[in-house]
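Understanding the architecture of this molecule
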Amino acid sequence: MESGEAAAGPVGDRFPFPYTPYLIQERFMAALYGALEAGRVGIFESPTGTGKSLSLICGALSWLRDFQEKKQQEEARLLALEESGQEGKKKQQLPSAEPGHPESKDTAGEPDWVTAFVQKKEERDMVDRLKEEQIRRKKREERLEKIRHNVQLKYAAKRKRSEEDETKRLLQLSKEVLSEGAGVDVVEQLDHNEEELILAEYESDEEKKAVTGLEEDDDDLEEEHVTKIYYCSRTHSQLSQFVREVQKSPFGKDTRLVSLGSRQNLCVNEEVRRLGALQLINDRCMEMQKNKHEKSDEEMEGKKRRVSRTVCPFYSYEQMQFLRDEVLVEVKDIEQLVALGRETKACPYYGSRYAIPAAQLVVLPYQMLLHEPTRNAAGIKLKDQVVIIDEAHNLIDTITCIHSAEVSGSQLCCAHSQLLQYMERYRKRLKAKNLMYIKQILYLLERFVAMLGGNVKQNPNCQAVSQTGTVLKSINDFLFQSQIDNINLFKVQRYCEKSLISRKLFGFVERYGGPATAVKTNKENQKLAGLQNFLLTLQQGSDKEGTPQSPPVEPENEQLRTASPLMQIEGFLSALTNANQDGRVILNRQGTVGQSSLKFLLLNPAVHFAKVVEECRAVIIAGGTMQPVADFREQLLSCAGVDPARIVEFSCGHVIPPENILPIILCSGPSNQQLEFTYQTRDLPQMMDETGRILCNLCNVVPGGVVCFFPSYEYEKQVYAHWEKTGLLTRLAAKKKIFQEPKKANQVEQVLVEYAKCIKRCSQAGGQMTGALLLSVVGGKMSEGINFSDDLGRCVIMVGMPYPNIKSPELQEKMTWLDKTMPRAAGQAPSRVLIENLCMKAVNQSIGRAIRHQKDFASILLLDHRYARPAIFNKLPQWIRERTQVKPAFGSAFAELRKFHRGKSDAFVMRTREQAQESTL
């Protein structure tokens, strides 16, 4: 009762909301406010369709508003005390400041005046700090207010900037026309372009105190970070949607919000954007910055070198300062930020980073927050801040993926060949330290290929592997057995990062490795023809032999794999610097050396999450489906050293009335065949026939769209082929048009559009065809992030239990690690709990696709008697679990489903008619 009362009374005042919130939203906001105030780590579950985003926005920003008000009141009180008590304090301090009084010593022999002096100094320092902060805040607010209200000033600044740019451009053009001759210089400049491929002198392995580049600018800009909320989600579209929700909320006008993203999303330099692949864009951007800061030195060396160095025209301090202020004045999403960057000729990537210290709400993707080097590079400081991680059901997997890395034998051999050719060509131009590191990297690549059973000097696609299979090793064992334990990987990693060697190598391969490149016929370039031919054989070989083994690769990744393999290898080297107990190296030997791979698997994601929970004031892990939460508690929070008393859980029901959902666990089919889809039984013809009969019956009574989830693509194909052979598919197709989820991501949108069109057409036309049936896959593109609202998903069917493949070496290693490090839970081994949790997380994500808003309705059918077991049943989301019926026989289940859909369809038709009549009046 107390929590209910606490949530209800002051909600209207405490939580401004764009409309009257649902009761569950009020409770959510009150619980969130309490968790932030008490500095907790919260696991919050609010089903999709319950307005979770708005609850997070209004609850968190209400707390931030109150926190800032209290802080300012406390500051004002301290400053007032200091001012009013200054004279009195001076009088009191005079006698105690006499060092000659023997009475002024305390029991520890420390004079009272010394203790008092130290206390007063601390108080004075704090007051001075508060005064400085007040001045800074006032200046910032005045500056933003001026921009907000003085539109003429803003456009005058823009006009002035564009005039200056035009003047600079004309001056530069004049200089170039005057200084350059014709013909000869053009050829010469091509030669000078090659200067960019040569590595700069690498001064020192140790951290230099005098840093250059952006970091130097950052120091000048060093601004105190105000208390803020970092909100992160998984995809770019989810973040944009969240920003739009903020814009619509009562906090949309006066919240200083900044959206962060990768260079791939924010870069406005077309020359750099054309590179496509993220790593290439990153490296090119860093190189252009380096050129900007080295430009003055190069001017000393003469015109030729200067001409070849490219700097980014958008990386201008003044322009980025203007963009920063524009960002803070008005809430903008990524698209609006990019448009502003183009308009103001300022870099949105760096301009948005400059806005972080003064921002109250920072919106960013998972990777930027969870990967410490990326976090530091972006200037994100988590100390005493609030972090909200939304769509966090896959948080453990996300952290594991971010910190894992894989390289193939083809990539290793290709990188070795490229680097060797690069070293041979520029040997005379490279400094000793560069040559030393290149030789170390070449040795590492050689040893990695040897660990896969190959020779780096031969084509990897022509080398058969004698001992195929998968072997797991600890990091230390791998380093010793590959004979690289004497190499300091930390130094090699830092060298790769600072020297931008992978970028130089990519430029080198672009110049000499492509079949279209016109290569001059001098001796050095004849040598490089070998590299070109070798790259072509690698590409052809991997196209022929690698495709059946691996999933389809996006064209961008294909380019990255063949043209710049060293970039991937750098990630693998970085992973090898993890602590020995937290990860494993997987040697996957397949057919040929080219198809084989080395993979680093992170076993303990908590080591990378620990710093986030340690530094932050509060962390909220939120999602639509967080059940089962045991994984978060044990694998992530307990292992990260979070005190159990600091963890708080909140789960709310759905906004839909109970009668709008019908979840059924079906234990047997129409012919009384028990439903148990284990690996041993699911391939039986009778099981596939029974599944088909269930679907045929359902398609007769369910209107609109039916979405049926299978455990894997392979099983879905197998069942489809079986139904085709037995004629069952024809019976199904008479009632519903059948669609299959494609494996390729770029085809998903088209299938969904056709599926939706078909349902709409059928509902308007009437007749025998009542809609569409979509055969989907658990863990596929359609089981997450896609809404099957209203007629798109009137029934969701789950065929069997999608347990992960326990024969997978990676999963086996994770299970072994858990059994060694985690306590048993309720008599069950941690490995067993992991398998069940992975299965039920996937189920919960898939079945949550159907109900998307308050007036939506759908039935959910779980086809397997094992769902009724208490351990499994209790892992269903609470709002579904409370309404679930267990049906041992098909007859009673079918009767319930027919009654449910007939009743709902009649009510739906009536409501639609009423709405149509109202609109005509």
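Below you will find a few notes about this structure. Owing to the predicted nature of the structure, the values given are computational and were not obtained by experimental measurement.

**Thoughts on the overall build of the chain**
When helices and strands are tallied, the chain shows 38 helices and 18 strands. Pairs at least 24 residues apart make up 80% of the contacts formed inside the chain by residues separated by at least 6 positions. A total accessible area of about 43700 Å² is found for the chain, and carbon and sulfur atoms account for 52% of it.

**A few points about the sheet that holds strand β12 (residues 661–666)**
Spatial ordering of the open sheet is given by β14-β15-β13-β16-β17-β12-β18, a layout of seven strands whose pairing is parallel. Bordering the open sheet on either side are β14 (736–740) and β18 (885–887), each of which pairs with just one other strand. With strand direction ignored, the average angle separating the axes of adjacent strands in the sheet is 20°. Helix-sheet contacts for helix α35 (residues 830–847) involve β13 (704–710), β16 (795–799) and β17 (858–863), and the interaxial angle to β16 is about 160°.

**Focus on the sheet that holds strand β7 (residues 469–474)**
Here we have four strands laid out as an open sheet, ordered β6-β9-β8-β7, and antiparallel in their pairing. What marks the edges here is a single partner per strand, and that holds for β6 (405–408) and β7. Neighbour to neighbour, the strand axes of the sheet diverge by 15° on average, direction disregarded. The pairing of β6 with strand β9 (residues 592–602) spans four bridges and is classified as antiparallel. Across the sheet, the residue bridging to glutamate 406 is lysine 599, located in β9.

**Some points on the environment of arginine 617**
Inspection of the secondary structure assignment puts arginine 617 in the loop between α28 (606–615) and β10 (618–623). When the C-alpha atoms of arginine 617 and valine 41 are compared, they prove to be 8.9 Å apart, with 576 residues separating the residues in sequence. Once you skip the residues sitting within four places of it in the chain, arginine 617 turns out to touch Leu36, Glu37, Gly39, Arg40, Trp63, Phe67, Asp384, Gln385, Val386 and Arg646. Polar contacts involving the side chain of arginine 617 include one to the main-chain carbonyl oxygen of leucine 36, which spans 3.1 Å. Looking at arginine 617, its side chain comes within polar contact range of the main-chain oxygen of glutamate 37, at 3.1 Å.

**With respect to the environment of glycine 669**
Relative to the elements of secondary structure, glycine 669 occurs in the loop between β12 and α30 (685–701). Spatially, the C-alpha atoms of glycine 669 and proline 888 are 9.1 Å apart, while their sequence positions differ by 219 residues. When near neighbours in sequence (up to four residues on either side) are disregarded, glycine 669 contacts Leu675, Glu690, Ile694 and Phe890.

**Some remarks on the pattern of salt bridges**
Evaluation of the coordinates by the stated rule reveals 22 salt bridges. The closest approach of N and O atoms between aspartate 864 and arginine 866, which form a salt bridge, is 2.9 Å. Linked by salt bridges that have partners in common, Lys52, Asp390 and Glu391 make up one network.

**Thoughts on the nonpolar core**
The biggest cluster of nonpolar side chains holds 70 residues, and the ones touching the most others in it are Ile389, Leu395 and Phe609. Ranked by residue count, the leading element in this core is α28, at five residues. With sequence-adjacent residues up to four places away left out, leucine 395 is seen in contact with Leu370, Ile389, Phe609, Ile621, Phe632 and Leu636. Listed in part, the 52 residues of the second largest apolar core include Val449, Leu505, Ile569 and Phe600.

**Here's the deal with helix α24 (residues 501–512)**
For α24, spanning twelve residues, the distance from its first C-alpha to its last is 16 Å, which sits close to the expected 16 Å at 1.5 Å a residue. Most of α24 is tucked away, with ten of its twelve residues classed as buried. For α24, the full list of buried residues reads Ile501, Ser502, Arg503, Lys504, Leu505, Phe506, Gly507, Phe508, Val509 and Tyr512.

**Here's the deal with empty space enclosed by the protein**
With the rule as written, the count across this model stands at six cavities of 30 Å³ or more. Cys267, Asn269, Cys285, Cys312 and Cys347 are, among the 15 residues lining the largest cavity, the residues nearest its centre. At the level of elements, α12 (278–301) and α16 (348–354) are the ones that each hand at least two residues to the lining of the largest cavity. For the lining of the largest cavity, the leading source of residues is α12, giving four residues.

**Notes on the packing of aromatic side chains**
Per the counting criterion, the structure on display carries 21 aromatic pairs. Centroid distance phenylalanine 17 to tyrosine 19: 5.1 Å. Interplanar angle 85°. Geometry classified as edge-to-face. Taking the centre distance of 6.3 Å and the plane angle of 85° together, the rings of phenylalanine 478 and phenylalanine 572 count as edge-to-face. Residue phenylalanine 478 is found in helix α22 (residues 475–481), and its partner phenylalanine 572 is found in helix α27 (residues 565–575); the two are separated by 94 residues along the sequence. On the basis of relative accessible area, phenylalanine 478 is assigned to the buried category, the value being 0%. With relative accessibility at 0%, the residue phenylalanine 572 sits in the buried group. An aromatic cluster of three or more residues is present, and its members are Phe28, Phe44 and Phe650. Over the ring of tyrosine 715 we find arginine 682; its NZ or CZ atom is 4.8 Å from the centre of that ring. Over the face of the ring belonging to phenylalanine 857 we find arginine 794, whose NZ or CZ atom lies 3.8 Å from the ring centre.

The rules behind the values
- Residues numbered from 1 in each chain as written.
- Predicted model: local features only at pLDDT ≥ 70, side-chain atom pairs only at ≥ 80, totals over all residues.
- Heavy atoms only, no water.
- Helix = DSSP H or I, 4+ residues; strand = E, 2+ residues; numbered from the N terminus.
- Contact = heavy atoms within 4.5 Å.
- Areas by Shrake-Rupley, 256 points an atom, 1.4 Å probe, with all protein chains shown as cover.
- Pairing = 2+ DSSP bridges.
- Axes fitted to C-alpha atoms, helices over the stretch in contact; angles between N-to-C directions.
- Polar contact = N/O pair within 3.5 Å; in protein donor to acceptor, adjacent residues only side chain to side chain.
- Salt bridge = Lys/Arg side-chain N within 4 Å of Asp/Glu carboxyl O.
- Core = buried A, V, L, I, M, F, W, Y, C linked by side-chain atoms within 4.5 Å.
- Buried < 20%, exposed > 50% of the residue type's maximum accessible area, 1.4 Å probe, protein only.
- Expected span 1.5 Å × (residues − 1).
- 1 Å grid on protein atoms, 1.4 Å probe; cavity = no way out; pocket = protein on both sides within 12 Å on 5 of 7 lines; lining within 4 Å.
- Points joined across faces, edges and corners; volume = space filled by probe spheres on them.
- Phe/Tyr/Trp six-rings, centres within 6.5 Å; stacked < 30°, edge-to-face > 60°.
- Lys NZ or Arg CZ within 6 Å of the ring centre and 35° of its normal.

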